[in-house]
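Listed here are the chains, written in short residue letters.
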Amino acid sequence: MAFQQPKWTLVVHGGAMIEEETVENNDRAYRSGLLDSLDAGRSILSVGGTALDAVQAAVTSLEDDPLFNAGRGSVVRRGGSFELDACLMDGATGDSGAVAAMSRIANPIHAARCVLEDGRHRLLAGTGADRFAIRAGCQSVSPEYFINHHRPERSKRVSLGTVGAVALDIRGNLAAGTSTGGVTQALPGRVGDSPILGAGTYAENDVLAISATGFGERFLRHSAAVQAAWMVKHLSLSALQAIEAVMNDVMPAESGGMIGIGANGEVIMQATTSIMRRGWTSSDGDEGTALRF
């Protein structure tokens, strides 16, 4: 009887967009950023690391890249503020951590991990979240960290923001994470779906891991991520069927997209926008990036 090597899978996204950038074409740079994110996650999964660690590493890489709307590349809100959100969920335990409206932390996904591990709460916001993260050892930055990498032309495109990752490790554990720099010129204090468990992020072993990008208010209204997982768990749909059903039901044209991994490693990348930057890699050797549909 042949021994079957345990498999791992990683999928990342760099956000959905409605319009092409008109100032410059950054396709090569975006692909490079996606590949860096895949490298960060793969370096953990390929040596038997956890899905949770791989997701955090992949999202951190995207947060550090100013081309993506998260972390360093976050967009400016009305009044000139930066407010960052993130969520991380462990499909093996059901534990999660999330942060919203942060303004002093370089990597919100690290802060979300600290909330998860602390265990007292699931979501921290605003100055309280910043203070908690700094005490927990997250990197504190000044507003110049974001401003110095803000390009004026970004306000001329319609960005649906966020970065995210989902992973399956060799033990069969799933994890999901999402991070966002918000929506250009959004009202101060606006929070979308990214840090809300079950709306933009969800993971449950033997079911589905999912990260969303798009008009957060739609994902919030329908608890889109957990709705897809519920369809897999209770209606016996495949991961692809469930995500397609949710997208068809709650996401009209030009609204956003989702990435997901099923319990068997099935990779799903769906969007109703013409652009969703995404990448994937697995222990089978299948790897690639794509920018458009």
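Everything below is about the structure shown above.
Nothing here was measured: the structure is a model prediction, and the numbers come from that model.

Caption draft 1: Highlighting the environment of Gly198. Tracing the sequence through the fold places Gly198 in the loop between strand 6 (174–180) and strand 7 (201–204). A residue is classified by how much of its surface remains accessible, and Gly198, at 5% relative accessible area, is buried. Sequence separation between Gly198 and Asp90 is 108 residues; the distance between their C-alpha atoms is 13 Å. Those residues in contact with Gly198 that sit more than four places away from it in its chain are Ser223, Ala224, Ala225 and Val226.

Caption draft 2: Region of interest: helix 8 (residues 239–250). The first and last C-alpha atoms of helix 8 sit 17 Å apart over 12 residues, in line with the 16 Å expected at 1.5 Å per residue. Within helix 8 the residues assigned to the buried category are Ala239, Ala242, Ile243, Val246, Met247 and Val250. All buried residues of helix 8 project into a common sector of 130° when viewed along the axis, lining one side. Those residues of helix 8 that are exposed and angled more than 90 degrees off the buried face are Asn248 and Asp249. Buried residues along helix 8 sit in contact with strand 8 (208–214), helix 6 (216–222), helix 7 (224–235), strand 9 (256–262) and strand 10 (267–271).

Caption draft 3: Main features of the sheet that holds strand 12 (residues 287–292). Read from one edge to the other, the open sheet built from eight strands follows the order 4-3-2-6-5-1-11-12, with strand pairing classed as mixed. The open sheet has two free edges, formed respectively by strand 4 (123–125) and strand 12, since each of these has just one partner strand. Each strand axis lies, on average, 10° off the axis of its neighbour in the sheet, ignoring direction. Here strand 1 (residues 9–17) runs beside strand 5 (residues 163–168); their pairing, made up of five bridges, is antiparallel. Looking across to strand 5, one finds that Leu10 is bridged to Ala167. The strands touched by helix 1 (residues 27–45) within the sheet are strand 1, strand 5, strand 11 (275–282) and strand 12, with strand 12 carrying the most contacts at an inclination of about 145°. Set on the sheet, helix 2 (residues 51–63) makes contact with strand 1, strand 2 (84–90), strand 5 and strand 6; between it and strand 5 the angle comes to about 155°.

Caption draft 4: Main features of the packing of aromatic side chains. Scanning the entire structure with this criterion turns up three aromatic pairs. Ring geometry for Tyr145 against Phe146: centres 5.3 Å apart, planes inclined by 85°, an arrangement best described as edge-to-face. A single burial state applies to Tyr145 and to Phe146, both of which are buried. A connected cluster of aromatic rings, assembled from ring pairs, spans Phe82, Tyr145 and Phe146. Its end group placed over the ring of Tyr30, Arg277 keeps NZ or CZ at 3.6 Å from the ring centre. For Arg278, the ring lying beneath its charged end belongs to Phe293, and the centroid distance is 3.8 Å.

Rules used throughout
Residues numbered from 1 in each chain as written. Predicted model: local features only at pLDDT ≥ 70, side-chain atom pairs only at ≥ 80, totals over all residues. Heavy atoms only, no water. Helix = DSSP H or I, 4+ residues; strand = E, 2+ residues; numbered from the N terminus. Buried < 20%, exposed > 50% of the residue type's maximum accessible area, 1.4 Å probe, protein only. Contact = heavy atoms within 4.5 Å. Expected span 1.5 Å × (residues − 1). Arc of directions from axis to C-beta. Pairing = 2+ DSSP bridges. Axes fitted to C-alpha atoms, helices over the stretch in contact; angles between N-to-C directions. Phe/Tyr/Trp six-rings, centres within 6.5 Å; stacked < 30°, edge-to-face > 60°. Lys NZ or Arg CZ within 6 Å of the ring centre and 35° of its normal.

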